[in-house]
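Structural features, examined
Each chain, written out:
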Amino acid sequence: MSRVWNFSAGPAALPQAVLERAQREMLDWNGSGASVMEQSHRGKRFIAMAAQAEADLRELMQIPADYAVLFLQGGATQHFAQIPMNLAGEGDSADYIVSGHWSAKAASEAKPYVRVNVAASSEAADYLKLPPHDSWQLDPNAAYVHYTPNETIHGVEFHGVPEAGAAPLVADMSSNILSEPLDVGRFGLIYAGAQKNIGPSGLVLMIIRRDLLQRAGRPMARIFRYAEHAAADSMLNTPNTWGWYVAGLTFQWLKAQGGLGAMAERNRAKAELLYRAIDGSGGYYRNPIEPSARSRMNVRFTLHDAALDAAFLQESEATGLLALKGHKALGGMRASLYNAVPPEAVEALVAFMRDFAQRHG
Ligand SMILES: *Cc1c(COP(=O)(O)O)cnc(C)c1O
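Scoring rules and cut-offs
Position numbers for residues count from 1 along each chain, tracking the sequence in the order it is written. Per-residue local features of the predicted model are confined to residues with pLDDT of at least 70, and side-chain atom pairs are confined, for both listing and counting, to 80 or more; whole-chain, interface and lining totals are unaffected and use all residues. The side-chain figures draw on all heavy atoms in the structure; neither hydrogens nor water molecules are used. Counting from the N terminus, the helices are DSSP H or I runs at least four residues long and the strands are E runs at least two residues long. Put simply, the radius of gyration uses C-alpha atoms, and a globule should come to 2.2 Å times the residue count raised to 0.38. The rule is simple: take the accessible area with a 1.4 Å probe, protein chains only, and divide by the maximum for that residue type; under 20% is buried, over 50% is exposed, in between is partly exposed. Two residues form a contact once any of their heavy atoms are found within 4.5 Å. The accessible surface values rely on the Shrake-Rupley method and a 1.4 Å probe; as for residues, cover is taken only from the protein chains in view. Any residue with a non-hydrogen atom lying within 4 Å of a molecule or strand is treated as near it. N or O atoms within 3.5 Å of each other form a polar contact, as long as, within protein, one can give a hydrogen and the other can take it, and as long as residues adjacent in sequence are counted only when both atoms are side-chain atoms. When DSSP finds two or more bridges between two strands, those strands count as paired. Lines fitted to C-alpha atoms define the axes, with helix axes restricted to the stretch in contact, and inter-axis angles between N-to-C directions lie between 0 and 180 degrees. Domain start and stop positions are those given by an automatic or database domain assignment. Buried surface area refers to the total accessible area, computed with a probe of radius 1.4 Å, that the two partners give up upon joining, counted for both partners together. When a carboxyl oxygen of Asp or Glu is within 4 Å of a side-chain nitrogen of Lys or Arg, the pair counts as a salt bridge. Classes in brief: Ala, Val, Leu, Ile, Met, Phe, Trp, Tyr, Cys and Pro nonpolar; Asp, Glu, Lys and Arg charged; the others, Gly included, polar.

Looking now at the overall build of the chain. Helix and strand counts for the chain come out as 9 helices and 14 strands. Computed over C-alpha atoms, the radius of gyration of the chain comes to 21 Å, within 12% of the 21 Å expected from 2.2 N^0.38 for 361 residues, which places it in the range of a compact globule. The dimensions of the chain, computed from C-alpha atoms along their principal axes, are 60 × 55 × 30 Å. Taken over 361 residues, the chain has a buried fraction of 54%. Pairs at least 24 residues apart make up 67% of the contacts formed inside the chain by residues separated by at least 6 positions. Accessible area for the chain stands at about 15,400 Å²; split by element, carbon and sulfur atoms hold 51% of it.

Laid out in C-alpha coordinates, this is it:
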(Lines give C-alpha, C1' and ligand atoms only; values in the text may rest on other atoms or scores of the structure.)
Protein backbone atom coordinates (compact mmCIF):
# COMPACT_ATOMS: atom_id res chain seq x y z
CA MET A 1 0.00 0.00 0.00
CA SER A 2 1.44 3.40 -0.95
CA ARG A 3 0.46 6.79 0.46
CA VAL A 4 -3.05 7.95 -0.37
CA TRP A 5 -4.50 11.46 -0.69
CA ASN A 6 -5.88 12.00 2.78
CA PHE A 7 -8.93 14.26 3.30
CA SER A 8 -9.47 13.32 6.95
CA ALA A 9 -11.07 16.00 9.15
CA GLY A 10 -8.87 15.04 12.10
CA PRO A 11 -6.57 13.58 13.10
CA ALA A 12 -5.57 14.71 9.65
CA ALA A 13 -2.84 14.47 7.05
CA LEU A 14 0.65 15.59 8.01
CA PRO A 15 3.20 16.89 5.50
CA GLN A 16 5.03 13.91 4.04
CA ALA A 17 8.37 15.69 4.58
CA VAL A 18 7.57 15.98 8.30
CA LEU A 19 6.74 12.28 8.58
CA GLU A 20 9.89 11.31 6.70
CA ARG A 21 12.06 13.46 8.93
CA ALA A 22 10.43 12.05 12.07
CA GLN A 23 11.05 8.57 10.68
CA ARG A 24 14.73 9.33 9.98
CA GLU A 25 15.16 10.66 13.50
CA MET A 26 13.09 7.99 15.24
CA LEU A 27 15.92 5.89 16.64
CA ASP A 28 18.59 8.53 17.04
CA TRP A 29 17.28 12.03 17.56
CA ASN A 30 19.73 14.87 17.32
CA GLY A 31 22.78 12.71 17.96
CA SER A 32 21.39 11.53 21.30
CA GLY A 33 21.24 7.81 20.43
CA ALA A 34 17.60 7.70 21.57
CA SER A 35 14.18 8.75 20.30
CA VAL A 36 12.85 12.17 21.28
CA MET A 37 10.07 10.24 23.06
CA GLU A 38 12.58 8.46 25.27
CA GLN A 39 14.27 11.36 26.96
CA SER A 40 13.66 13.94 29.63
CA HIS A 41 11.79 17.11 28.81
CA ARG A 42 14.19 18.75 31.28
CA GLY A 43 17.22 17.77 29.19
CA LYS A 44 19.25 20.32 27.23
CA ARG A 45 18.31 18.83 23.86
CA PHE A 46 14.58 18.88 24.49
CA ILE A 47 14.59 22.36 25.97
CA ALA A 48 16.48 23.69 22.94
CA MET A 49 14.04 21.99 20.54
CA ALA A 50 11.04 23.34 22.50
CA ALA A 51 12.40 26.88 22.42
CA GLN A 52 13.12 26.63 18.69
CA ALA A 53 9.56 25.42 18.01
CA GLU A 54 8.20 28.43 19.89
CA ALA A 55 10.56 30.82 18.08
CA ASP A 56 9.55 29.40 14.70
CA LEU A 57 5.85 29.73 15.55
CA ARG A 58 6.37 33.31 16.75
CA GLU A 59 8.09 34.13 13.48
CA LEU A 60 5.45 32.41 11.32
CA MET A 61 2.51 34.07 13.09
CA GLN A 62 4.30 37.33 13.97
CA ILE A 63 3.25 36.88 17.59
CA PRO A 64 3.82 40.07 19.60
CA ALA A 65 6.06 39.87 22.69
CA ASP A 66 3.17 40.53 25.08
CA TYR A 67 1.67 37.15 24.22
CA ALA A 68 2.70 33.85 25.82
CA VAL A 69 2.78 30.66 23.73
CA LEU A 70 1.77 27.49 25.59
CA PHE A 71 2.06 23.83 24.56
CA LEU A 72 -0.73 22.17 26.54
CA GLN A 73 -2.72 18.92 26.64
CA GLY A 74 -6.34 17.87 27.00
CA GLY A 75 -7.58 18.57 23.48
CA ALA A 76 -9.52 21.67 22.53
CA THR A 77 -12.49 20.21 24.40
CA GLN A 78 -10.80 20.41 27.79
CA HIS A 79 -10.10 24.07 27.15
CA PHE A 80 -13.79 24.72 26.48
CA ALA A 81 -14.00 24.35 30.28
CA GLN A 82 -10.56 25.58 31.27
CA ILE A 83 -10.85 28.93 29.47
CA PRO A 84 -13.81 30.13 31.56
CA MET A 85 -12.14 28.74 34.70
CA ASN A 86 -9.16 31.00 33.97
CA LEU A 87 -10.74 34.08 32.43
CA ALA A 88 -14.01 34.45 34.34
CA GLY A 89 -14.51 35.16 38.02
CA GLU A 90 -17.49 34.28 40.22
CA GLY A 91 -20.65 35.82 38.74
CA ASP A 92 -19.03 36.88 35.45
CA SER A 93 -20.66 36.34 32.09
CA ALA A 94 -19.08 35.62 28.71
CA ASP A 95 -20.40 36.12 25.17
CA TYR A 96 -20.50 33.15 22.80
CA ILE A 97 -21.05 33.32 19.06
CA VAL A 98 -22.65 30.04 18.06
CA SER A 99 -22.03 29.17 14.41
CA GLY A 100 -21.93 25.37 14.37
CA HIS A 101 -21.23 22.19 16.29
CA TRP A 102 -17.95 23.23 17.93
CA SER A 103 -18.93 26.71 19.10
CA ALA A 104 -22.19 25.27 20.48
CA LYS A 105 -20.17 22.71 22.40
CA ALA A 106 -17.73 25.36 23.66
CA ALA A 107 -20.71 27.34 24.99
CA SER A 108 -22.32 24.37 26.69
CA GLU A 109 -19.08 23.13 28.30
CA ALA A 110 -18.45 26.62 29.71
CA LYS A 111 -21.75 26.70 31.58
CA PRO A 112 -20.53 25.25 34.90
CA TYR A 113 -17.93 28.06 35.14
CA VAL A 114 -19.42 31.23 33.66
CA ARG A 115 -22.81 32.71 32.80
CA VAL A 116 -22.97 31.98 29.09
CA ASN A 117 -24.62 34.64 26.96
CA VAL A 118 -25.29 33.38 23.45
CA ALA A 119 -24.71 36.74 21.77
CA ALA A 120 -25.52 35.42 18.31
CA SER A 121 -26.48 32.09 16.77
CA SER A 122 -27.11 30.68 13.33
CA GLU A 123 -28.68 27.48 14.67
CA ALA A 124 -32.09 28.47 13.28
CA ALA A 125 -30.47 28.59 9.83
CA ASP A 126 -29.06 25.08 10.37
CA TYR A 127 -25.62 26.72 10.51
CA LEU A 128 -25.66 27.13 6.73
CA LYS A 129 -24.49 30.73 7.15
CA LEU A 130 -22.81 32.82 9.83
CA PRO A 131 -24.76 34.87 12.37
CA PRO A 132 -24.87 38.34 10.71
CA HIS A 133 -22.58 40.70 12.57
CA ASP A 134 -25.28 43.35 13.07
CA SER A 135 -27.30 40.79 15.05
CA TRP A 136 -24.61 40.22 17.69
CA GLN A 137 -25.81 41.20 21.17
CA LEU A 138 -22.43 41.83 22.76
CA ASP A 139 -22.20 42.72 26.44
CA PRO A 140 -19.47 45.33 27.03
CA ASN A 141 -18.92 43.84 30.50
CA ALA A 142 -18.41 40.27 29.27
CA ALA A 143 -15.28 38.53 30.58
CA TYR A 144 -14.52 37.60 26.96
CA VAL A 145 -16.14 36.89 23.57
CA HIS A 146 -15.68 33.35 22.27
CA TYR A 147 -16.06 32.28 18.65
CA THR A 148 -14.95 29.50 16.32
CA PRO A 149 -13.44 30.98 13.13
CA ASN A 150 -13.80 27.71 11.23
CA GLU A 151 -16.52 25.17 11.98
CA THR A 152 -14.91 21.86 11.06
CA ILE A 153 -18.16 19.86 10.91
CA HIS A 154 -20.57 22.42 9.44
CA GLY A 155 -18.07 23.80 6.93
CA VAL A 156 -18.59 27.51 7.60
CA GLU A 157 -15.76 29.98 8.16
CA PHE A 158 -15.41 33.61 9.18
CA HIS A 159 -13.34 35.40 6.55
CA GLY A 160 -11.60 38.17 8.45
CA VAL A 161 -11.60 38.80 12.21
CA PRO A 162 -14.96 40.13 13.44
CA GLU A 163 -15.16 43.30 15.52
CA ALA A 164 -15.96 42.18 19.05
CA GLY A 165 -15.93 45.34 21.12
CA ALA A 166 -14.09 45.84 24.39
CA ALA A 167 -13.93 42.30 25.75
CA PRO A 168 -10.96 40.07 24.79
CA LEU A 169 -11.65 37.93 21.74
CA VAL A 170 -11.12 34.20 22.30
CA ALA A 171 -10.88 31.95 19.23
CA ASP A 172 -10.94 28.17 18.81
CA MET A 173 -8.69 27.88 15.76
CA SER A 174 -8.35 24.09 15.89
CA SER A 175 -9.09 23.68 12.19
CA ASN A 176 -7.75 26.88 10.63
CA ILE A 177 -4.68 27.94 12.60
CA LEU A 178 -1.64 28.55 10.38
CA SER A 179 -3.78 28.45 7.23
CA GLU A 180 -3.28 32.17 6.51
CA PRO A 181 -1.58 35.23 8.03
CA LEU A 182 -3.33 36.53 11.13
CA ASP A 183 -3.24 39.73 13.16
CA VAL A 184 -2.65 38.09 16.55
CA GLY A 185 -2.95 41.49 18.25
CA ARG A 186 -6.72 41.40 17.60
CA PHE A 187 -7.09 38.45 20.00
CA GLY A 188 -6.95 37.89 23.73
CA LEU A 189 -6.55 34.14 23.40
CA ILE A 190 -6.14 31.71 20.51
CA TYR A 191 -6.19 27.96 21.05
CA ALA A 192 -6.06 24.94 18.78
CA GLY A 193 -6.01 21.18 19.12
CA ALA A 194 -2.98 20.11 17.09
CA GLN A 195 -4.46 17.24 15.10
CA LYS A 196 -5.96 19.26 12.22
CA ASN A 197 -3.27 21.65 11.06
CA ILE A 198 -0.24 21.21 13.34
CA GLY A 199 0.68 17.66 14.34
CA PRO A 200 -0.51 14.66 16.33
CA SER A 201 -3.47 14.73 18.74
CA GLY A 202 -2.83 15.22 22.44
CA LEU A 203 -1.25 18.64 22.02
CA VAL A 204 -3.05 21.98 22.32
CA LEU A 205 -1.39 25.18 21.19
CA MET A 206 -2.39 28.35 23.03
CA ILE A 207 -1.44 31.97 22.38
CA ILE A 208 -2.57 34.18 25.25
CA ARG A 209 -2.12 37.89 25.93
CA ARG A 210 -0.05 38.08 29.08
CA ASP A 211 -2.36 40.46 30.96
CA LEU A 212 -5.06 37.76 30.84
CA LEU A 213 -2.76 35.47 32.82
CA GLN A 214 -3.23 37.88 35.76
CA ARG A 215 -6.94 37.14 36.02
CA ALA A 216 -7.85 35.26 39.18
CA GLY A 217 -10.53 33.14 37.51
CA ARG A 218 -12.18 30.45 39.61
CA PRO A 219 -10.64 28.40 42.42
CA MET A 220 -8.80 25.53 40.71
CA ALA A 221 -5.84 23.21 40.99
CA ARG A 222 -2.53 24.60 39.70
CA ILE A 223 -2.51 22.19 36.77
CA PHE A 224 -5.52 23.99 35.27
CA ARG A 225 -4.10 27.50 35.65
CA TYR A 226 -2.63 28.98 32.46
CA ALA A 227 -0.43 31.40 34.45
CA GLU A 228 1.28 28.40 36.08
CA HIS A 229 1.89 26.78 32.69
CA ALA A 230 3.30 30.05 31.34
CA ALA A 231 5.59 30.51 34.35
CA ALA A 232 6.87 26.93 33.88
CA ASP A 233 7.40 27.29 30.09
CA SER A 234 4.67 24.66 29.54
CA MET A 235 6.63 22.14 31.64
CA LEU A 236 4.58 22.28 34.82
CA ASN A 237 4.33 18.52 34.39
CA THR A 238 5.56 16.28 31.58
CA PRO A 239 4.39 17.81 28.31
CA ASN A 240 3.44 15.88 25.18
CA THR A 241 7.07 15.70 24.06
CA TRP A 242 6.34 13.86 20.82
CA GLY A 243 3.57 16.25 19.85
CA TRP A 244 5.74 19.26 20.60
CA TYR A 245 8.54 17.83 18.47
CA VAL A 246 6.29 17.07 15.47
CA ALA A 247 4.67 20.51 15.78
CA GLY A 248 8.18 21.99 15.62
CA LEU A 249 8.87 20.02 12.43
CA THR A 250 5.62 21.32 10.93
CA PHE A 251 6.58 24.92 11.77
CA GLN A 252 9.93 24.41 9.99
CA TRP A 253 8.12 22.89 7.02
CA LEU A 254 5.76 25.89 6.87
CA LYS A 255 8.71 28.28 6.85
CA ALA A 256 10.30 26.30 4.02
CA GLN A 257 7.00 26.54 2.05
CA GLY A 258 7.23 30.32 2.18
CA GLY A 259 5.26 30.97 5.38
CA LEU A 260 1.60 31.69 5.95
CA GLY A 261 1.16 34.02 2.98
CA ALA A 262 2.16 31.22 0.66
CA MET A 263 -0.06 28.74 2.52
CA ALA A 264 -3.02 31.13 2.28
CA GLU A 265 -2.63 31.40 -1.48
CA ARG A 266 -2.33 27.63 -1.83
CA ASN A 267 -5.33 27.04 0.46
CA ARG A 268 -7.45 29.57 -1.42
CA ALA A 269 -6.65 27.93 -4.76
CA LYS A 270 -7.38 24.41 -3.44
CA ALA A 271 -10.78 25.40 -2.03
CA GLU A 272 -11.68 27.35 -5.14
CA LEU A 273 -10.90 24.36 -7.36
CA LEU A 274 -13.16 22.08 -5.36
CA TYR A 275 -16.05 24.53 -4.92
CA ARG A 276 -15.91 25.29 -8.64
CA ALA A 277 -16.15 21.59 -9.44
CA ILE A 278 -19.15 21.26 -7.12
CA ASP A 279 -20.93 24.38 -8.41
CA GLY A 280 -20.15 23.48 -12.01
CA SER A 281 -21.52 19.94 -11.79
CA GLY A 282 -25.03 20.93 -12.87
CA GLY A 283 -26.48 19.87 -9.52
CA TYR A 284 -24.80 16.46 -9.44
CA TYR A 285 -22.87 17.68 -6.38
CA ARG A 286 -24.08 20.40 -4.03
CA ASN A 287 -22.59 22.47 -1.24
CA PRO A 288 -25.35 23.94 0.94
CA ILE A 289 -23.35 26.78 2.56
CA GLU A 290 -23.95 30.44 1.77
CA PRO A 291 -21.02 31.23 -0.57
CA SER A 292 -19.58 34.05 1.54
CA ALA A 293 -19.36 31.72 4.57
CA ARG A 294 -17.85 28.69 2.87
CA SER A 295 -14.90 27.11 4.66
CA ARG A 296 -11.56 26.88 2.87
CA MET A 297 -10.58 24.02 5.18
CA ASN A 298 -13.61 21.73 5.32
CA VAL A 299 -15.69 21.42 2.17
CA ARG A 300 -19.05 19.70 2.56
CA PHE A 301 -20.90 18.31 -0.40
CA THR A 302 -23.77 15.98 -1.15
CA LEU A 303 -24.51 13.85 -4.19
CA HIS A 304 -27.79 14.52 -6.02
CA ASP A 305 -28.95 11.06 -4.97
CA ALA A 306 -27.89 9.77 -1.55
CA ALA A 307 -28.29 6.22 -2.86
CA LEU A 308 -24.97 6.81 -4.66
CA ASP A 309 -23.08 7.67 -1.45
CA ALA A 310 -21.86 4.16 -0.75
CA ALA A 311 -20.52 3.72 -4.28
CA PHE A 312 -18.87 7.14 -4.16
CA LEU A 313 -17.08 6.27 -0.92
CA GLN A 314 -16.10 2.78 -2.02
CA GLU A 315 -14.76 3.90 -5.40
CA SER A 316 -12.98 6.99 -4.09
CA GLU A 317 -11.18 4.90 -1.50
CA ALA A 318 -10.22 2.34 -4.14
CA THR A 319 -8.71 5.21 -6.18
CA GLY A 320 -6.60 6.32 -3.21
CA LEU A 321 -8.79 9.15 -1.92
CA LEU A 322 -9.17 8.63 1.81
CA ALA A 323 -11.77 9.77 4.36
CA LEU A 324 -14.34 11.64 2.29
CA LYS A 325 -17.30 10.49 4.39
CA GLY A 326 -19.13 13.43 5.98
CA HIS A 327 -19.67 13.77 9.72
CA LYS A 328 -22.27 11.29 10.96
CA ALA A 329 -24.54 14.10 12.18
CA LEU A 330 -24.82 15.62 8.70
CA GLY A 331 -24.24 12.78 6.24
CA GLY A 332 -22.97 13.41 2.72
CA MET A 333 -19.31 14.04 2.06
CA ARG A 334 -16.61 16.27 3.47
CA ALA A 335 -13.14 16.96 2.10
CA SER A 336 -10.75 18.57 4.56
CA LEU A 337 -8.08 20.62 2.80
CA TYR A 338 -5.63 21.48 5.57
CA ASN A 339 -2.10 22.78 4.93
CA ALA A 340 -0.66 19.29 4.51
CA VAL A 341 -3.10 18.40 1.71
CA PRO A 342 -1.26 19.31 -1.51
CA PRO A 343 -2.94 20.83 -4.59
CA GLU A 344 -2.39 17.50 -6.42
CA ALA A 345 -4.73 15.81 -3.94
CA VAL A 346 -7.54 18.23 -4.76
CA GLU A 347 -6.87 17.85 -8.49
CA ALA A 348 -7.16 14.08 -8.08
CA LEU A 349 -10.41 14.47 -6.13
CA VAL A 350 -11.96 16.78 -8.71
CA ALA A 351 -10.97 14.44 -11.55
CA PHE A 352 -12.52 11.51 -9.67
CA MET A 353 -15.74 13.45 -9.05
CA ARG A 354 -16.10 14.27 -12.77
CA ASP A 355 -15.41 10.70 -13.74
CA PHE A 356 -17.85 9.34 -11.14
CA ALA A 357 -20.61 11.68 -12.32
CA GLN A 358 -20.09 10.53 -15.91
CA ARG A 359 -20.10 6.86 -15.09
CA HIS A 360 -23.08 7.00 -12.73
CA GLY A 361 -25.12 9.51 -14.76
C1 LIG B 1 -11.63 18.95 16.31
C2 LIG B 1 -12.12 20.20 16.93
C3 LIG B 1 -12.32 20.30 18.32
C4 LIG B 1 -12.15 19.14 19.27
O5 LIG B 1 -10.83 18.89 19.49
P6 LIG B 1 -10.36 17.78 20.56
O7 LIG B 1 -8.88 17.97 20.50
O8 LIG B 1 -10.84 16.47 20.06
O9 LIG B 1 -10.92 18.14 21.86
C10 LIG B 1 -12.74 21.52 18.83
N11 LIG B 1 -12.94 22.58 18.04
C12 LIG B 1 -12.75 22.52 16.71
C13 LIG B 1 -12.99 23.73 15.86
C14 LIG B 1 -12.35 21.32 16.12
O15 LIG B 1 -12.16 21.25 14.79
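Here the focus is the site of the ligand. The immediate surroundings of the ligand are formed by 13 residues, with Thr77, Thr152, Asp172, Gln195 and Lys196 found nearest. Between an oxygen atom of the ligand and a side-chain N or O atom of Lys196, the distance comes to 2.6 Å. Burial of the ligand by the surrounding chains reaches 86%, relative to a free accessible area of 390 Å². Ranked by residue count, the leading element in the shell around the ligand is helix H3 (residues 75–87), at 4 residues.

Our next topic: the sheet that holds strand E4 (residues 115–121). Within a sheet, neighbouring strands are paired by backbone hydrogen bonds and run either parallel or antiparallel to one another. Strand order in the open sheet formed by 7 strands is E2-E10-E9-E8-E5-E3-E4, and the pairing between neighbours is mixed. Looking at which strands have only one partner, the edges of the open sheet turn out to be strand E2 (67–72) and E4. Direction aside, the axes of adjacent strands within the sheet are offset by 20° on average. Bridge count between strand E3 (residues 93–98) and strand E5 (residues 145–147): 2 bridges; the pairing is parallel.

So, on to the side chain of Asn287. Looking at the secondary structure, you find Asn287 in the loop between strand E11 (285–286) and strand E12 (298–303). There is a polar contact of 2.9 Å between the side chain of Asn287 and the backbone nitrogen of Ile289. The residues contacting Asn287, other than those within four sequence positions of it, are Tyr275, Ile278, Arg294 and Arg300.

Moving on to the sheet that holds strand E14 (residues 333–336). Spatially, E11-E12-E14 is the arrangement adopted by the 3 strands of the open sheet, whose pairing is antiparallel. Two strands lie at the open edges of the sheet, namely E11 and E14, each paired on one side alone. With 2 bridges connecting them, E11 and E12 associate as antiparallel partners. Across the sheet, residue Tyr285 finds its bridge partner in E12, namely Leu303. Here helix H7 (residues 259–279) sits on the sheet and contacts E11, E12 and E14; the angle it forms with E12, its principal contact strand, is near 15°.

Our next topic: the domain arrangement of the chain. Once the domains are mapped, the chain shows domain 1 (16–256) and domain 2 (258–360). Domain 1 and domain 2 are separated by 27 Å when their C-alpha centres are compared. Across the interface of domain 1 and domain 2, roughly 2,200 Å² is buried in total on both sides, 55% from carbon and sulfur atoms. Across the contact surface, domain 1 and domain 2 share 2 salt bridges. Linking Arg296 and Glu157 is a salt bridge whose minimum nitrogen-to-oxygen distance equals 2.7 Å. Remark: the boundary between domain 1 and domain 2 carries 18 residue pairs in polar contact (both at pLDDT 80 or more). Sorting the residues of the side of domain 1 that touches domain 2 by element identifies helix H2 (44–61), strand E6 (150–151), strand E7 (156–157) and helix H6 (241–256) as the ones contributing at least two each. The element contributing the most residues to the side of domain 1 that touches domain 2 is H6, with 4 residues. When the residues that make up the side of domain 1 that touches domain 2 are grouped by side-chain class, the tally is 13 nonpolar, 9 polar and 6 charged.

Next up on the list: the pattern of salt bridges. For the structure on display, the rule yields 16 salt bridges. Glu180 serves as the salt-bridge partner of Arg296, at 3.6 Å between the closest nitrogen and oxygen. In this pair, Arg296 is assigned in the loop between E11 and E12 and Glu180 in the loop between strand E8 (169–172) and strand E9 (189–193), connecting sequence segments 116 residues apart. Arg359 is the partner of Asp355 in a salt bridge, and the nearest nitrogen-oxygen pair spans 3.0 Å.

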